[in-house]
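Results of the structural survey
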Amino acid sequence: MSESSFQDDVLGELGPDRLSEIAGLLGTDEAGARDTVATTVGAMTGGLQEKADADDEDGDEVRQAFAEVAEPPLRGVATLGGGLLGGGLMAGVLAKVSKPVAAAVSKKTGIPAATVSRVMELLIPVVLAVFAKRAAAGKGAAAGAPGAAPGAAPGGAPAESGGLGDLLGQILGGGRK
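Nothing here was measured: the structure is a model prediction, and the numbers come from that model. (Residues numbered from 1 in each chain as written. Predicted model: local features only at pLDDT ≥ 70, side-chain atom pairs only at ≥ 80, totals over all residues. Heavy atoms only, no water.)

All told, the structure shown has six salt bridges when counted by the stated rule. In this structure, K133 and E13 form a salt bridge, with 2.6 Å as the shortest nitrogen-oxygen distance. Taken together, the positions of K133 in helix α5 (residues 113-143) and E13 in helix α1 (residues 6-26) put the pair 120 residues apart, joining distant regions of the chain. Given a relative accessible area of 29%, E13 falls into the partly exposed group. (Salt bridge = Lys/Arg side-chain N within 4 Å of Asp/Glu carboxyl O. Helix = DSSP H or I, 4+ residues; strand = E, 2+ residues; numbered from the N terminus. Buried < 20%, exposed > 50% of the residue type's maximum accessible area, 1.4 Å probe, protein only.)

So, in structure tokens, the structure goes:
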């Protein structure tokens, strides 16, 4: 499978029904909705990366949220709710960045910030699902990787040298451009 961009993964996860719903909110066609979703997701992940790079409380919170995403999924009945889709620290972090992201996307596209915020409400569960899938795929690939640190077991603190950076790169698609 070829590596796709984070925006492509979110668009794929959205599916045609939710994309049509977003197009209706925006008063545009599917292509306009795709463009707005890609712009919004790009701003959201860029904001997360910027916060994760900060050496302050916000940065700590974002890094902890990504560490939570990387935790092994629950098994059995607990997975019926979709794991992270039920909430978690990452959902709170995404909610916090949604207002500044909505303002930035509004400024860039001319779409009212309130409308962008409504679109983001639809996108947050989808973004969480993509984060979880990418983290799970990254864990599988990294588990058998030569040179993987034995101390980097699930539940450990991935914030140590390279671990969290690698995770952020995998989940967000390789960092800023």
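A separate point is the nonpolar core. If you look at the biggest cluster of nonpolar residues, it comprises 38 residues, and the most contacted ones within it are V10, V37, M90, L94 and F131. Elements with a minimum of two residues in this core: α1, α2 (30-53), α3 (57-70), α4 (89-109) and α5. Counting residues per element, this core draws most heavily on α5, which supplies eleven residues. In contact with V37, other than residues within four places in its own chain, are V10, L11, L14, L19, I22 and L123. (Core = buried A, V, L, I, M, F, W, Y, C linked by side-chain atoms within 4.5 Å. Contact = heavy atoms within 4.5 Å.)

Let us now look at the environment of S106. Position of S106 relative to the elements: it lies in helix α4. Note on S106: relative accessible area 16%, which makes it buried. Residues S106 and V116, ten residues apart in the sequence, show an inter-C-alpha distance of 6.8 Å. Aside from chain neighbours lying at most four places away, what touches S106 is I111, P112, A113 and V116.

We now examine α3. With 14 residues, α3 extends 20 Å from end C-alpha to end C-alpha; this agrees with the ideal 20 Å at 1.5 Å per step. Of all the positions in α3, only G59, V62, R63, A65, F66, A67, V69 and A70 are classed as buried. Its side-chain oxygen at 3.2 Å from the backbone nitrogen of D58, D56 defines the N-terminal cap of α3. (Expected span 1.5 Å × (residues − 1). Polar contact = N/O pair within 3.5 Å; in protein donor to acceptor, adjacent residues only side chain to side chain.)

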